Structure formats: C-alpha cells, structure tokens
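Here is how the chains run, residue by residue.
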4 protein chains.
Amino acid sequence: MASLRETVPAGGSVQSLADRYRAVRDATVALCRHLAPEDYVVQSMPDVSPTKWHLAHVTWFFERFVLEPFIDGYRCYDDAFDYLFNSYYYTVGRMHARPARGLLSRPTVDEVMAYRRHVDEAMQRLLKQRATENAIAERIVLGLNHEQQHQELLLTDIKHVFSCNPLAPAVNPALAEPPRRRAATLEWRAGPTGVQRIGADPGDTFCFDNETPRHDVFVAPHEIASRLVTNGEFREFIAAGGYREPALWLSDGWSTINEHGWDRPLYWSEDLSQVFTLGGVSELHPHAPVAHISFYEADAYARWAGARLPTETEWELAAREHDIDGNFVESGYWQPLAGDGQWFGDVWEWTASPYVAWPGFKPLAGSLGEYNGKFMCNQQSVRGGSCVSARDHLRATYRSFFYPDARWQFLGFRLARDGA
Amino acid sequence: MASLRETVPAGGSVQSLADRYRAVRDATVALCRHLAPEDYVVQSMPDVSPTKWHLAHVTWFFERFVLEPFIDGYRCYDDAFDYLFNSYYYTVGRMHARPARGLLSRPTVDEVMAYRRHVDEAMQRLLKQRATENAIAERIVLGLNHEQQHQELLLTDIKHVFSCNPLAPAVNPALAEPPRRRAATLEWRAGPTGVQRIGADPGDTFCFDNETPRHDVFVAPHEIASRLVTNGEFREFIAAGGYREPALWLSDGWSTINEHGWDRPLYWSEDLSQVFTLGGVSELHPHAPVAHISFYEADAYARWAGARLPTETEWELAAREHDIDGNFVESGYWQPLAGDGQWFGDVWEWTASPYVAWPGFKPLAGSLGEYNGKFMCNQQSVRGGSCVSARDHLRATYRSFFYPDARWQFLGFRLARDGA
Amino acid sequence: MASLRETVPAGGSVQSLADRYRAVRDATVALCRHLAPEDYVVQSMPDVSPTKWHLAHVTWFFERFVLEPFIDGYRCYDDAFDYLFNSYYYTVGRMHARPARGLLSRPTVDEVMAYRRHVDEAMQRLLKQRATENAIAERIVLGLNHEQQHQELLLTDIKHVFSCNPLAPAVNPALAEPPRRRAATLEWRAGPTGVQRIGADPGDTFCFDNETPRHDVFVAPHEIASRLVTNGEFREFIAAGGYREPALWLSDGWSTINEHGWDRPLYWSEDLSQVFTLGGVSELHPHAPVAHISFYEADAYARWAGARLPTETEWELAAREHDIDGNFVESGYWQPLAGDGQWFGDVWEWTASPYVAWPGFKPLAGSLGEYNGKFMCNQQSVRGGSCVSARDHLRATYRSFFYPDARWQFLGFRLARDGA
Amino acid sequence: MASLRETVPAGGSVQSLADRYRAVRDATVALCRHLAPEDYVVQSMPDVSPTKWHLAHVTWFFERFVLEPFIDGYRCYDDAFDYLFNSYYYTVGRMHARPARGLLSRPTVDEVMAYRRHVDEAMQRLLKQRATENAIAERIVLGLNHEQQHQELLLTDIKHVFSCNPLAPAVNPALAEPPRRRAATLEWRAGPTGVQRIGADPGDTFCFDNETPRHDVFVAPHEIASRLVTNGEFREFIAAGGYREPALWLSDGWSTINEHGWDRPLYWSEDLSQVFTLGGVSELHPHAPVAHISFYEADAYARWAGARLPTETEWELAAREHDIDGNFVESGYWQPLAGDGQWFGDVWEWTASPYVAWPGFKPLAGSLGEYNGKFMCNQQSVRGGSCVSARDHLRATYRSFFYPDARWQFLGFRLARDGA
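Residues numbered from 1 in each chain as written. Chains lettered and ligands numbered in written order. Predicted model: local features only at pLDDT ≥ 70, side-chain atom pairs only at ≥ 80, totals over all residues. Heavy atoms only, no water.

**Examining the pairing of strand E9 (residues 348-354) of chain D**
All names here are of chain D. Put simply, the test is: Burial classes follow relative accessibility: with a 1.4 Å probe on protein chains only, a residue under 20% of its type's maximum area counts as buried, one over 50% as exposed, and anything between as partly exposed. In DSSP terms, a helix is any run of H or I states spanning at least four residues, a strand is any run of E spanning at least two, and both are numbered starting from the N terminus. A pair of strands is labelled paired if DSSP reports no fewer than 2 bridges between them.
For E9, a buried count of six out of seven residues is recorded, marking the element as mostly surrounded by other parts of the structure. Note that E9 and strand E12 (residues 411-412) share two bridges and pair parallel. The residue bridging Glu349 from the neighbouring strand is Gly412, located in E12. As judged from the three bridges shared by E9 and strand E10 (residues 380-383), these two strands associate in the antiparallel manner. Within E10, the residue paired with Glu349 across the bridge is Arg383.

What follows is the structure, encoded as structure tokens:
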C-alpha cells in the first residue's frame, strides 16, 4: 500500500504529507483559475461531470474515507452532500444519478469552496496529530491520488463542455505556446520475451489495487514503436478512406462510427486543419500525437498500417525502461506535443488488452474495493498518462481504462507488431 | 394590432411606451433577484430554458425585430447571439438546438446583462425619437408582451430546475405567506347559447394574431363551474383510484401516465401532503386550486366527476363577464390561492379544445408569422393566466397552448357540463 | 343505433342479416387469397398488425361482444385468445402488447381459421334463432362494420409489410389495370354558410357513436375543391422545394419530416417515378390522387398552394350532396384512380379538424364505449373512405381519425379556402 | 486447417465428405420437423434470426464461398438472396439489416427449401468431381462447421421466439424425458501451472482461425470445479438476496440487471419453480446445471461463493484431459442434465477471459477473415458446447463468444479459485 516515501516531488526535496496534501488540493483549485461560476455547472454528456461536482466529490472522498472512519464523532458537513457527491460507492449508500449531475445549480461554487475549506481544516488537524499512523497516511495518499485523477477529468470534462459551445471559449487563455518541433523518426524496438514479471507490489511505493500483484506472464516475440502515432499520420489514414473501409474495423467499431457519423478524431474541424484545445481553437500540428480517438479508431489505423496495438504487458515492459519524463499538466501546454519516446505524458495509450484482473488480484477491503475492481469488464486498458496528468501521479505499472468508444480523454496510441 | 392605448397599467395612470418598456424590462430582471449565477445556466428538460437564455432571447427579439428593421445601419451586438438566442424563427436563420441550451455556460450572466443594457439603450433612443410611428410602437408592444410571456416561463422553468435538486432550494425565499382561506362553494352557471361572437379584433387593444378574427360560433346549452377544481378535490380522485382506472382516461393519457409512472400532480410529495413551490417545499393547501397537472389528468378527473372540460368558446363567453382581477405575479405569492371565480390568474385552465386557427385566421406577415400559427397542431388551448402571469398581460380572448402531457406550467382546470 | 334497414347492398336487393354476416366474413378471408402462411405473421411497425391477428381479432369481437353476453353459458373457444386478440378494451381485461403482435407464430393460420369457423357457426345459430332481437342485431351490425374497418387495415398493413421486403412482392398479383384517364379540372365550389346541422342520429341507419349527435354549427363563407390533389400536383410541390422550406410547415411537421428524412410520399421511389402498390411496383400516375402522405404534408402543400384543408364541417356539408359512388375495394383496383368528385373512395381525406367529440357526444355504454371516444386527442379527422374501403361501409357523416404523422393508410386530401 | 480426417463421426466408421455434407444438411432440416410455416418467420429480438433465415444463410454460405469461387461461370440462384442472406460479410457487399430479418415473409419456407435443394445438387456435383482438391474440401468443411453453429442458433433462437408467446408452445413436443439423477459432489481440482501450451494448430484437424496459433502462456496456481453450478445452487444465491446486493456485481452488471429488471435466469418462472424449455414449460430440476444466465450473473454468483470464473486457459488445460462425451443435440433432451464433469455439452461455460486474439493470430485470408476476428472486442469467451451443440462440432480448443449480457444461449458456468 501507499507509503510516505512516495512523497518526493519532481524537485527532489522531501515533502511532508501535510504539505503534499496542501499542494494537491491547491493545484485542483488552480486549474479553475479562468472559469466563471457558470462554467462549473454544465454536464455536456453522462460521462462528463460538472467542475464543481469534481471539486466537491474529491472533498467528500476525504470526508467519507478519512475523517469519518478516523475521527471519533466526526459530523459530516452536510448530509445531503453524502448523497450528491458519492460517485459510485453503492456500499456507502444511495447516490444522485450520474447523468443528472448537471441539473444541480446548488450548492453554488462558493458553497463548494466553503466545503473544501471545512474539510481541509479538519484534514490538516488530523495530519498534524496523526500523520504517522500508517492506516491514516495510506488512506490520505489514496485520496490525493484520487484527487489527481479528478484533476485530469476536470480538465477533459470542461474541455468537452466548452467544445459544445459555438463560441468555442478557452478553458485557459494563458497556456504556453507549443514548440513547433518535428516528431522523431519511428523505430521498431524488440521487447523482452519468455517469462517476464509485471505489475506492482504494494509496499514499495503507492499503487492502486488494480496494479497488483506482481506476477509472471509469458511474452511472445514482438516489436513496439519508439513514439506515438501523429496527427499527420492519422490524416493519411483518413485520406486513404480508412473510415469507409469495413475490412479495417472491429465489428463494434464499424457500428459505432456509422451510428455517430464519426469520420475524424473528436475536436478536429471538418476540413482536418484545426483542432479545439483547452486554449481554444488552434491549427492542427501534424507532428503532434493524434488524440481524442476511440480504441476502435486506434485499432483500425493499426490494421491499416499492417501492425497492431501493443498489449499491456508489452507496453509495461518497454515503458519501465524509461524515466517518467515528458509533457504533463505542469508543463503548461495542456495539449500533446511532437516528440520522441513519449512513454509518459502527452496521451494515454490504448492497448490491445481488455482491462481485467491480474492473476491473484484482491480488491481493497470494504467500500474502497469498489474503486477499481468492478470496472473490469467491457473496457480497454490504457497506459502512460497524458498532457493533463500530474507527473508525480504516473508510473509504468499504472493502469487506467476506458470503454472502447471513449474519445473525450487525451487518448492516442503507439503501434506494435509480432516479432520476426 | 397593438395600440398605445393598452399601456394603462393596473394603477390607472397613463404610462408612456418608453416608461412601459423600462418597467417590463426591469420586472424581468427583478424576478431573478435571489438567483446565483450558477442558477441561470441549467436546463432540466428540453421544454425548460435556462434563465439566462430567457434574459438574452427576449433582448434578441427587440434587436432582431425592432432595432434591425427600423434603424438604418444597426449593427447587431454579437453575430453569435443571433444564432444562440433565436428560439424558433427558421425564416430568420439557423439556430442553436433547443435541448442544448443548457450546455452553454457562456455568455455569462454578466455578459447577458451587458447585452440587455446595450439593447435597452438603443431602444430608449428609438423610443425617444420615433415612438409615435405606429409600425414601431406596435412592434415594441409585441416585444413587451413577448417578454411578459417569458417572465412567466422563466419562473416556471427555474421552478422545474430547482425541483430536480434534492436540496429543494427556494427560487424566492421572500414570498408572501398565502392566506389560508377556503374555496368558495362550487356553483354551476348556465352560459349563453346559439350564435355567439368570440375572438378579438386587432385595433381596439393589443392582442396576438391567434386571437383573431372575431367570428361567430354556435353554442349548445351548457353550464360552467364557478371556480377551479381544488387540491382537496383532486386528492379524492386519487384516493378513489382514479389513476388506476383505464375507463377514465383518454387512450394517450393512459399510455402517458403508465409510461411515466404518474400517480399524482407534478411537485406533490409521495404522501400527497406537501408540494414544491417557488418558495421551497410547503404544506399542500386543500382549498387551493390543483396545479401542475396534464390535460390528460384534468380530462380524467372531469370524466370521474361526471362532467367535462369547458370548450374555449364556453370559457371565453363566461370569462369576459368578469374583471381581470385575481392572483398574479404582482401579488407576490407565486402559487395558486383558494378563492372564487378565479377566471384570471392562479392557474391556466385546460380547455376541451385543441388549439386551432379561428376561421379566417391570418398569421402576422414575415418572420413573426412563426410566432403562433405554426403551433396549431397537437396542442390544447389553455385560458386565463396564472399566479405568475403579469396582470396587464391577460384578457378574456387570450389563447395560450400546451401539449396535453405538459405539467411544468401552472396548469389547472374548471369543470363544465352539457346543458339541461 | 344500427338498424336492419341498412343491409341493402350495392346491388339493391334486401339481404338478411345472416346473409350479410356471411358475406362480410367471407370477404375478409377472400382478401387474403394470394397470401402464403408466412405472410400472415409479420408486424412491420407498431401501427401494423399481422394479417392473422386481424382475422382473429374481428372474430374475438363477435365472441366477446355478441356470443358471451347473449348466449347463456357460452364457453369461449380459448381463454388465451381473450388475451391475445383483445385490441384495446381495458375494461374487458389485460391484453397482449400491441407492438408484440408480430412475435406470435402461434396460433397458426389454420388454427385461426378454425377459430373463425367455430365462431361463425355459433353466430349463425344465434342469427337463425334471435336475429329479430334488436339488441342482438344492433351488436352484430356493429361487429360487421368493425370487421369492415379491419378489412381495410388488413390490406394497408400487409401493404406496409410487403413494402419492407426488398423483393417487393405483390399482395394481389391479379388486380385490375387502372384506367389511364386524366383528372378533372379543379373547380372551387362555395359551400353553405351560417347555422348548419351536421352529424348523425342513431335510429335512421347504422352509424358509429362518434358521428352523433346531430348538432348545429356556424359555418363561415368558404370554397372547397371539386376533386383531390393529384400525384402530379404534389410532384410540383416537391420540385419547388416544398420539403425544404420551413415557412410552409407546422412546427411539429417540420420536426417530423426532418427526424424521419421524409422528402416524398411513402411508397414513392426516390426518383419520384414509381410507386409501391398492392399489386407490386408500378409507374406513378400523375393524374391519380396523391396518397400515403401525413397530415403535415397535406397541410404544407395547402399553404404552398395558398389554400388550406377543409374543416370536417365543410367537408361533410359538401360530401352529403353526392352519392356514395367511386373507387372502393370492390372495384378491384386497390389503388386511387384519376377522376372527379372523389368524395367517397380513392383516399381518406385529411381535414383541418382535430378529432374531438361532437357537442353532446355520449359514448356507447360499457366496454364498447372504448371503441371511439378515448381516441379523441392528438388525432386529425379524416373523411370519405378509400380505394380499399367497402362501399357499403361509408357515409357522409363517417369520421375516421389518424395521428398527423400517419402515412401507411390511403391518406390524401383536397383543398379549401376562405370565402370571398 | 480443416482435414478430411476429422470426418469420423461418433459411430466410428469413416464417412466421405459428400456423405458428411448430406448428413449435416439433413440434420439442419430435421431440427425443424415440428415447426409450422409461420414459426419460421419471427424474429423476437435483434440477436435472434428467423428459422428460415438460418436455413437460407447457411446455404448462401456454400453458394458464396464454395460454388462461386470454385465453379467457373456459376450463376447464383437469386441475386436478391445475396443481399438478404449475407449476415455480416461487408467485403462481399451490402446486406439486409439484421434487426429487420423478421420483416421478410418472402421468400417462403418452400422457396427457401428449393434454394437449399438447388445448392445441394450443385454441391454434390462438385463433391463428386473435386472433393480431393484440398482448397475445396477445406472450404466445405468450414461450411459444414458453420452450418453446425447455425443449427445451435436455430434452436436457441426459436426457443426465444416461442418463449415470447403466452401460449408457450413446444419447439419439439417429442423430446426425451430427462433422467432425474443428482449432480455429483463438487470437487476442486488443481490445474497445471507455469508455462503451458494452449490453442490449436491447423493441420491436425479442423479448427477455426480464432483457436490458432498454439502458443505458450504462464499459468498461476489455481483450482477448478469438477462440475457445473446447478439450478439449486443458483436458487440459493437468489434466496440470499444476490440480485439486490451491489457489492457482488460488476458495475456494468449492476446497471444491466437494474435496467432490465432481471432477478432470475431467463426462462425461469417468477416463483423459481418452472422453466421454459424446447419441449415447453417444465419443472425446474435443482440438480441440472443453471442455464440462460449472463456473464454478469455468473460472475456475481462466483463472487458470492468466494470463488471466481476460470480463465480460458485454465478451462482448456482441464478440459483437454476429458473425452468429448456428454449431453449434445443428438442425445435428444435439448436441455442440460444433472451430472458430473460436463466439460462438453450441457451448457456453454462463461470464462473470466475477454475474447481476444491469441498471440500471433492471423485471420483467414479474404472475406472469410470477417468470420471471427472482427468480434474480438466487448465479448467474453465461452467454452465447451451445449445440449444443442452437435457432438462432432466440439473440441477443447474451441472458442465461442458472447456479449456479457447475452442470456438466450445455453450459457452456464463452473467455478474456479486461486491456488494455495
């Protein structure tokens, strides 16, 4: 499980858990710097949550899973919030329906911020007094990683909301201008074969339960691409009629693109020259990694290119040879950049692997067992993190997952192929 | 068409059109006094528009149908607003999809208020210079009546929005306490028979095109109730199993209540003791008129009671014998009150008549011909106005209309029956 | 109510009720002459019923409303049939869901025919013994008119089923070749004005409850077209962009054609040159009346033509001056023909009037009160009968009704306009 | 790939390919022995195809993939059939929409049977002349295995159709009476661990492309149950509130059962005492394996029982130690039976494994590459075959697959658990 040792941020100096708590919590609020109160309310589709829901839910997580169990007689801030801001923990109690989150104008942003302050104060008191208790520290570290996940969702969700507005407003008008460099030449790298050990062991450093246990797998000969597929490459696939050729597609993929009329990545303009970003509409950069595509589109492109997607195992074996370096939320671009390697940051990478339990997987005890395990069906594993992930939130064993038709996240891919 | 003579407000003193413009525009904003910016954004169902959409749309109406046609070289405030705030005038141009109004966090409330001020200033300049031009004055009077319609919708829409929030907030926490009086004894009044003349002639006073022309109808003997059906009476219908007896219902009504699981009026608590109002949850007053029921429910109740709903003609012939007096938005209750007569105010009254053209009906010329005429199918006429209508907006010939399954307006009914 | 006097068939000689019963029942079966057992099963949309359902339902009607009430100790043929073949009589009991009628391969056609024979034998015994009892005779006449309605539905339903089959089979490959004559010149005929009496009185001849009572109406000056609108005229409307001009359409009509992608009448080929008929695909005859259009399309055409649809009253006043003569099911064409007058037969004519109760309307007592009255909402009255109606089933006061988006019946229209 | 050596039927004597062709084709028709023509038409849900569609589609498969490519100048029987009876081979051409298969009353059963005879004659001529050509023989063997798959679907589909009929007819009233024996005691058997080789190599015997190539996997310690979970055991899960406890369910499973209101296996009566079978309604046998449950229900039961489902690998390693013996379509019961082992027959067994490509998987060349590969997303692998599978169609490497919410097949499961 989580350890205090992981709280060594990028800079290198050791951070107390209380400081880290403050830093992560502040970072969440800072993401919203340019939003008006109206912006916090909208839910543009069931997968998207309103900004203020994210701000409140992560707070509820600390209240429900830290303050209530560990502080005798803790009285929750507002009983209604237990209903409104529970996401999907059925064993905790009933909850407000997910697709109806956008119906709630109240509590207002100010009220949510007051809720955050209230919980933060209680948390800081707890941290001051009992941060050395392992059970508490572990739970707090989980809560901070949880909040980091929601930082990313907050940005991808509000991006989707703004994309539905004909005014195409910028979530953040002060983003850094992306360097106009070229993508590196794609190289094929042979991966390790035979019996290999992947996954994580709790104890060394923080990880989610779905990364455990470490276990052996048998790996066949294969090669994996040295960088991500680019916008320019994906545009060739489109130009070659990729979206109109059924032989390239999974059956469910073909149904999906035809049902929705998809003929290009989400957020691309009809003429394939512009793209909607967190900074507003900008020119499409052909050397930047393609993003906002579904698993189906990644898979069809790979088939067209005579390749395939890497498995989770292949990806993890390759990625763990690289430092966690790249284009993260802290970089201030909030969009994928042309580059090389790109194992971490830029875009989450679709893998060929359905998201399932590692052999011997045990979910967390109690309600937190609902965190990851119950989603192990119908979703694909994605790896590596994105340009809006926090850098210290990622690692090679990290497994995220989305339905194969999801596009609103920063989702891209790299190619792999069977070995000689 | 509209005339300046109608601008005699309740108090009696003559008001200039410029003053009336200011009064109506201010009244709209005053309705929102207790709202937070977040409240202006939400659309809880396709029929509902966000508060700030109403505030902008009525402004667009003046810009599009007064400022642009009558001021040479008028430049519209923002081209995007022409798209965003056009409701349904296809002949003006394409428009933002109605069910997607709640996706727009921008323009913000402040930006909408700036738009209102901009248009108001241009309008006041026009009024100062050219209020005596009939074509302009008539168009402005239409715009003011249009805005009054949206004042009512603004309140019924935000009521629906707040009703979807488990916190059940009050739209207006400062409403007047309703007097706890009893409903008058119901009496049956015989109406006039034979050839009768109903409808309105443009020229006397303002009216909408759908009230014209005055025309003869043949009226059979009938009686009409002296007051509205009450909550208490409707509760008896429920207790008698009215919602479970198919023989009482129109075929489409029976499908509708079963599909939606309706077993009581909208906004009633499950135990039939409380009701959600614009002031929050309050006790159900058995003597107040029943409200927020569909045409189907009114029709089923009437059949159960051995009666029927009045036709539009029967209603108009009876109502025009009464002063426009009652419980309106200015009364400050914003909910129906127990009483007698109740021909105007309290609740719109479902009639037995589908909303169709009066014989010889001609819609307004040009785009404004889309105002009323194109809705003359599948809807039922309702009459009399409600507790959130402006008093000087109503008259006996006024025809409003809703789909038979609509419930989110203040919709109630009175009974009628065939004559001896 | 129904009388034996009405049983004077086309030929003129008086027919006994027993003979008439036999004739109507045989006619139903004769319509299916060219069908294979497989054809009797399919339901192509919820509005359509399988052929064998029609054959069984009309039989159930006699069993349930004649044999059971009038024969002591009558045991119904099969309890399950009471559930399967009840259409919408909730007061009789629960029923098989309408959209699921096509799921039933059993009872087979042979079994349904055996059911028909069983009921026919019981009916003939009853007719032999008690045909002079008025209550029984009236109920039987109602059942025969009911069966005639289903004869028409059987044909329009199987036409729809066959139209969904890429093989485009003919329901009847032995239909008469339509004469290729021209439509008469359209003339405008002024109708009667002032107080007029319309509707039917039970007692003279058979009529449905919805035609009663006779009552006075006030009629404004108007003119009505001497013949139906033709395919050729409707093709001009299409060529003029009628389906793309929102100003021509009711709001619900515009939504409907856009939602469904309608740009021509049902059963027309994309190039507007061919039409699917009960005899298979044939050339579109420009002089024949347009058919298989919704109310919305009729209404839009009329607006485009500077006219309107006639009201029910205007139609009835004009039609009753004409003999019941024309192109009916007995003519053997089973498609509309070019002609003049066309008040009866060819196509049902959409009117401007929503289907509502005549003043003083009383539905039949008991379960048969569900026959007509509960549909008096959301539908439009249609008049005159079609090329697949039985001639002796029609009269000037006859009111049928369909939802405004219905197209699978033989539905057409004539124009009217306000008087000088 | 397929070999003639596999054509050794149960009895043991070697069968020529021509004889085997005849036997399989006759077996298909024999399954329909008790059906009326009406029964062949109905499609009760999109997953279900009408009986006559199956009869025609398998014939089209031979025509399209054997006769057309291998016989010079072969003229297809009917061009329309190429459109109507193509299932999902987009690279062959466009096709009739799957959910609309039940709209086709034509071609009739007789016409389909004539089509079968026509193709059978051409096939027999080809077999007589060129059965020794490997390419042809392999393709024919594929077509026969394809037809065997549809034999099973034909039965499970018509079972669903009949289950929707309140008359609950028997597909086959002459089925054998199941022996009322007890299930064997459940024992846990440790499986092999470490690097193991699974999958099939074409060349030895017929297999589908999705079973290839043989490949190594790493297997962790585990145990697998010696028999299937029974109706009685599943009834205990229901009695313990299994369907109401969210902690037992995958997230998508919980949504699914709540959306559909599932609280018991498909075909079980509300009181859990009876079950609809291919022989009609019969008493539920507590010792027979539970069937007609979704993956979600199997998974929830396993969690409740403190176990899990086996992976495909675990299942295959265990099953290949057993003969292909059990309760198949030839047994004449057409329902699962109480027993022991049950590795083949009775019910397809849900595994924990999503259906994905084996490492190095290559789909068949050309259009037949659409047979299996494009379904490798969103489905779960099932293993072992059922009581309506043909015995000589099954083997330990055989992989079938269904969406996790599928219930209309004979789908059951056995338990597994992590090893000590």
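**Some points on the interface of chain B and chain A**
Note the cut-off: Contact criterion: two residues are considered in contact whenever any of their non-hydrogen atoms come within 4.5 Å of each other. Accessible area that two parts lose when put together, with a 1.4 Å probe and added across both, is what the buried area reports. By definition, a salt bridge exists where a carboxyl oxygen of Asp or Glu is found within 4 Å of a side-chain nitrogen of Lys or Arg. Think of a polar contact as two N or O atoms within 3.5 Å of one another; within protein, one of them needs to be a possible hydrogen donor and the other a possible acceptor, and neighboring residues in sequence only count if both atoms come from side chains. Classes in brief: Ala, Val, Leu, Ile, Met, Phe, Trp, Tyr, Cys and Pro nonpolar; Asp, Glu, Lys and Arg charged; the others, Gly included, polar.
Facing 31 residues of chain B, the contacting portion of chain A comprises 31 residues. With both chains or domains summed, chain B and chain A bury close to 2200 Å², and 67% of this area falls on carbon and sulfur atoms. Considering only the surface of chain B that becomes buried against chain A, Glu38(B), Leu103(B) and Arg106(B) emerge as the three largest contributors, covering 32% of it. The interface formed by chain B and chain A holds two salt bridges in total. Between Asp39(B) and Arg106(A) there is a salt bridge whose closest N-O contact spans 2.6 Å. For the interface between chain B and chain A, the tally reads eight residue pairs in polar contact (both at pLDDT 80 or more). Every element with two or more residues in the side of chain B that touches chain A is listed here: helix H3 (79-84), helix H4 (109-130) and helix H5 (134-163) of chain B. Considering each element in turn, the side of chain B that touches chain A owes the most residues, three residues, to H3(B). Considered class by class, the residues forming the side of chain B that touches chain A number 18 nonpolar, eight polar and five charged.

**Notes on the state of the cysteines**
Any covalent bond linking the sulfur atoms of two cysteines counts as a disulfide. Rules: Throughout, a disulfide means two cysteine sulfur atoms within 2.5 Å of one another.
The tally for this structure, following the rule as stated, stands at zero disulfides over all chains. Cys32(C) forms no disulfide, and the closest cysteine sulfur to it belongs to Cys387(C), at a distance of 17 Å.

**Structural notes on the confidence of the model for chain A**
Basically, it comes down to this: On a range of 0 to 100, pLDDT expresses the predictor's confidence in each residue.
Overall, the prediction assigns chain A a mean pLDDT of 95, with 96% of residues at 70 or greater. Listed scores for the predicted complex are pTM 0.95 and ipTM 0.95.

**Side note on the arrangement of the chains**
Structurally, chain A and chain C remain out of contact, their C-alpha atoms never closer than 15 Å. Between chain B and chain D there is no contact, and the shortest C-alpha to C-alpha distance separating them is 15 Å.

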